[in-house]
Amino acid sequence: MNNQAIGASARRIDGRLKVTGAAPYTADRHLSGMLHAYGVFSTVASGRITAIDTDEARRVPGVVDVFHHERFLPLYRAQKSPISATTILTAAITDEHRLPFEDANVYYFGQFVALVVADTFEHAREAAYRVKVSYAPGKVVANLEQGLAAGKLRDGGRGHSRGAPAPAFDAAPVKVDAVYHTPVETHTPMEMHASVAWWSGGDLHLFEASQGVVVHRNTLAQIFGLTPERVTVEAPYIGSGFGSKLFLWPHSVAACAAARLSGRPVKLVVPRAQMFTTTGQRPETKQRLRVSANADGRITSIRHESVNTTSFIEQYVENCGGMTSSVYACPNVLVSHHTIEVHRGAPTSMRAPGAAPGLFALESAIDEVALACRMDPVQFRLANISTRDESTNLPWSSNHMREAIEQGAQRFGWHKRDPRIGSMVVGSEIAGYGVAVCNWDAWKTPAEARVQLRSDGTATVVCAIQDIGTGTYTIAAQTVSELTGLPLDRIDVRLGDSSFPAAPVSGGSWATASVLPAIAQATRNAIDQLRTLATQEGGAFAGAKPDDLRLQQGRLTDGKRTVDYQSVLSAQRLASADGHARTDGAASDKVSFMSFGAHFVEVRWDPGISRLRVARVVSAIDVGRVINPLTARNQVEGAIVMGVGMALFEATEYDPRNGIPGNNNCAEYVMPVHADQPDIDVILLDYPDLQFNEFGARGIGEIGITGLAAAVANGVYHATGRRIRDLPITMEKLMEQPGRVAA
């Protein structure tokens, strides 16, 4: 690799399509003869359907049919597959394992209980409002505390234990024992969940707002009793998903079944209110942290015990302690996870699942211990950096946490911090400085790709990976450009189709690390074919050895003369030189892989008008080699904004009497807007981790949100003296009596 396309801040090659409205999203699809579907959703959170009256709905003009548990296509459940790097290309995964309209039971408010299909969206919606459903309501478990009182904890696994944390805690001179709470957060991506399904000759075709077209295909194949080859799922453009579009939800199955029963294409767009009920959420968590240190500020024990809400139909574990087992050097550690069932839809992954709420709790507790030790919070963290992964007893493949903390502190101006509570007054505001580390696992999976070097002087990249708004189109083109010398505008990238060479879901920060090696190898294979063609009899380099030729700036050369590769193909009357590759995704078992970083946050508190804001953020991130600094920095910036939302704004609120979400819309579910944006400065360290892959790149999408909420909370404590352990940090909590802890 010597063309220096990798590492360049290339603008997104799909940017013009998106800003001009030419990029087609699922809900934009309009097929000939297409019908529209609209759901009928339960109005109770627990109970059983006793009757469904569809007579009035059927009288609405344009209604084709109404489906429900007594009138629907027989379907199969998908076999539950473990999610792992080795199985992700063949797995069938549902976020809600129960099939739509499977029976008369209701497990959460907003559950699909019927589906109207009509000639227009308006007719379908009007008819759906006229379907009358009667229920025998059941007792509702509305939240985590009610679940703990009424139910039994389930072991969530994924724990870790080493040393003897309890005796070490008891013997330590400095200790913190605190409980932290995070609420339900809802993904609320700009693009609604949507499906456009049709059948042709017994084969199923689907446009879907999906972060994983291959897994989606595999899952639908099992549900409809088909081979995967008879299902095609397309998602060329995604309006983000943050994890809610990783796997299959009931609406997708319902749209496909309705299309089969009606014999016509069917479009189903999930209403925004039901995206708060039936397409997942980050679950509510309660986390107890017990952390101790000795007199010189060395951590002696950590116990991180968490419980998260899950549904009555699906066990979901939020891995809150996933980072705790390895981020700091500590000989005595216990991590455990439990779940409790409540009447809500199935939780699912949300950006940095587990780590985002987990590091809020851990990094808040670490700050409390640092202050109890009378140490600067930055120096305390530097003193306890792990030099190896103590959870596996393996060395790190690459760990620049120390440099991230030191560079971030310098850029932020941490040395200007006055440690006294409320001492940094700026006009009518009090400034508070907060710090937290951020971490995320480094994963990669098998992937496939195909690259064609075409006779018109262009290249085509084909891969089933999805671009969910992160810049995957662009970095795929950069990879081919790096190896061929072709400019980006001569490289056509085609993604997001399950009929393309297989690729994993776009989540977990593993897409780049998994797919780029496959694209690179496919490109090399295409170049090798060109070399062979050029050295055959009649070729431009006849008699030469293929290994003596190089491809530079789109031209083959032996060092003495150059020939454009179009001429090589034309001489053989060939349309292209083709390369296909599959990479296995295997990583070394001799080292441990992880990404590292640190956030520095300045909050401003105006006690006169009770206004709290995040004024600026400096984040230093170590994710290996940075493929495209422009898109990478954008990823971290977006994650930081989500972290600000987690810290100050976001919480889905459920009525404790009936489990109904009260703010299930974008007007009342409070998220940060432009006026809430801080000044953001992202430092990308750019140290290639060549033990991980040939590019040295680890994932960057998740890490930016981890630890951010804790940095905000720690800054709030510095400004106000209030230790807020219950997110989000609201004015009401800050206005409580001084010295009182909100927990």
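Attention in this report is confined to the structure presented alongside it. (Residues numbered from 1 in each chain as written. Predicted model: local features only at pLDDT ≥ 70, side-chain atom pairs only at ≥ 80, totals over all residues. Heavy atoms only, no water.)

Of note, the bond from Leu727 into Pro728 is cis; its omega dihedral lies within 30 degrees of zero at -5 degrees. Its place among the elements puts Pro728 in the loop between helix H15 (708–720) and helix H16 (731–734). Within the chain, Ala352 stands out as a residue other than glycine whose phi angle is a positive 60 degrees. Relative to the assigned elements, Ala352 resides in the loop between strand E16 (333–342) and helix H8 (355–372). By relative accessible area, which is 0% here, Ala352 ends up buried. (Helix = DSSP H or I, 4+ residues; strand = E, 2+ residues; numbered from the N terminus. Buried < 20%, exposed > 50% of the residue type's maximum accessible area, 1.4 Å probe, protein only.)

Moving on, we come to the sheet that holds strand E24 (residues 550–552). Spatial ordering of the open sheet is given by E24-E25-E26, a layout of three strands whose pairing is antiparallel. The sheet is open, and its two edges are formed by E24 and strand E26 (562–564), each paired on a single side. Direction aside, the axes of adjacent strands within the sheet are offset by 35 degrees on average. Pairing of E24 with strand E25 (residues 555–557), which is carried by three bridges, proceeds in the antiparallel orientation. When the bridges of E25 are listed, Gln552 appears paired with Arg555. (Pairing = 2+ DSSP bridges. Axes fitted to C-alpha atoms, helices over the stretch in contact; angles between N-to-C directions.)

Once that is clear, we can look at the packing of aromatic side chains. If you walk through the whole model with that rule in mind, you get 21 aromatic pairs. Ring geometry for Trp198 and Phe207: centres 5.4 Å apart, planes at 35 degrees, overall tilted. Linked through ring pairs, Phe41, Phe67, Phe72, Phe101 and Phe112 together constitute an aromatic cluster. Looking at Arg561, its charged tip hangs above the ring of Phe541, at a distance of 4.5 Å from the centre. The ring of Phe412 has Arg616 lying over it, and the distance from NZ or CZ to the ring centre is 4.0 Å. (Phe/Tyr/Trp six-rings, centres within 6.5 Å; stacked < 30°, edge-to-face > 60°. Lys NZ or Arg CZ within 6 Å of the ring centre and 35° of its normal.)

All right, on to the pairing of strand E11 (residues 203–208) then. Direction of pairing for strand E10 (residues 194–200) relative to E11: antiparallel, over a ladder of six bridges. Looking across to E11, one finds that Ala197 is bridged to Leu206. Hairpin connection of E10 to E11: two residues between the antiparallel strands, including Gly201 at a positive phi of 60 degrees. Summarising the sheet, E11 and strand E12 (residues 231–234) pair through four bridges and their orientation is parallel. Bridge pairing links Leu204 to Val231 in E12. In this view, the connection linking E11 to its parallel neighbour E12 by way of helix H6 (residues 213–223) has right-handed handedness. (Right-handed = clockwise from strand over helix to strand, strands pointing away.)

With respect to the helices and strands, the residue Arg722 is situated in the loop between H15 and H16. For Arg722, a relative accessible area of 15% puts it in the buried group. For the pair Arg722 and Gly432, spaced 290 residues apart in sequence, the C-alpha to C-alpha distance is 11 Å.

Glancing now at H8. For H8, with 18 residues, the first-to-last C-alpha span of 25 Å sits near the 26 Å given by 1.5 Å per residue. For H8, a buried count of 16 out of 18 residues is recorded, marking the element as mostly surrounded by other parts of the structure. Phi turns positive one or two residues past the end of H8, at Arg374, with a value near 60 degrees. (Expected span 1.5 Å × (residues − 1).)

A few words now on the pattern of salt bridges. This structure, assessed with the given rule, holds 39 salt bridges. The partner of Glu284 in a salt bridge is Arg344, with the nearest N and O atoms 3.1 Å apart. One end of the pair, Glu284, is in the loop between strand E13 (266–269) and strand E14 (285–293); the other, Arg344, is in the loop between E16 and H8, and 60 residues separate them in sequence. Overall, Glu284 belongs to the buried group, its relative accessible area being 9%. Looking at Arg344, the relative accessible area reads 5%, which means it is buried. Residue Glu368 is joined to Arg725 by a salt bridge in which the shortest nitrogen-to-oxygen separation is 2.7 Å. Taken together, the residues span a long stretch of sequence, with Glu368 in helix H8 and Arg725 in the loop between H15 and H16 at a distance of 357 residues. Using a relative accessible area of 13% as the deciding quantity, one classes Glu368 as buried. (Salt bridge = Lys/Arg side-chain N within 4 Å of Asp/Glu carboxyl O.)

What follows is about the sheet that holds strand E21 (residues 447–454). The strand order across the open sheet formed by four strands is E23-E22-E21-E27, and the pairing between neighbours is mixed. One side of each edge strand has no neighbouring strand; the edge strands of this open sheet are strand E23 (491–494) and strand E27 (576–583). Each adjacent strand pair in this sheet contributes to an overall mean axis angle of 15 degrees, direction not counted. Each of E21, strand E22 (459–462) and E23 touches helix H11 (residues 472–484); the most contacted strand, E23, lies at about 140 degrees to it. Contacts from helix H12 (residues 511–535) reach E21, E22 and E27, with the element oriented near 145 degrees to E27. (Contact = heavy atoms within 4.5 Å.)

Note that every value here comes from positions in space, so none of it alone points to a role or purpose.
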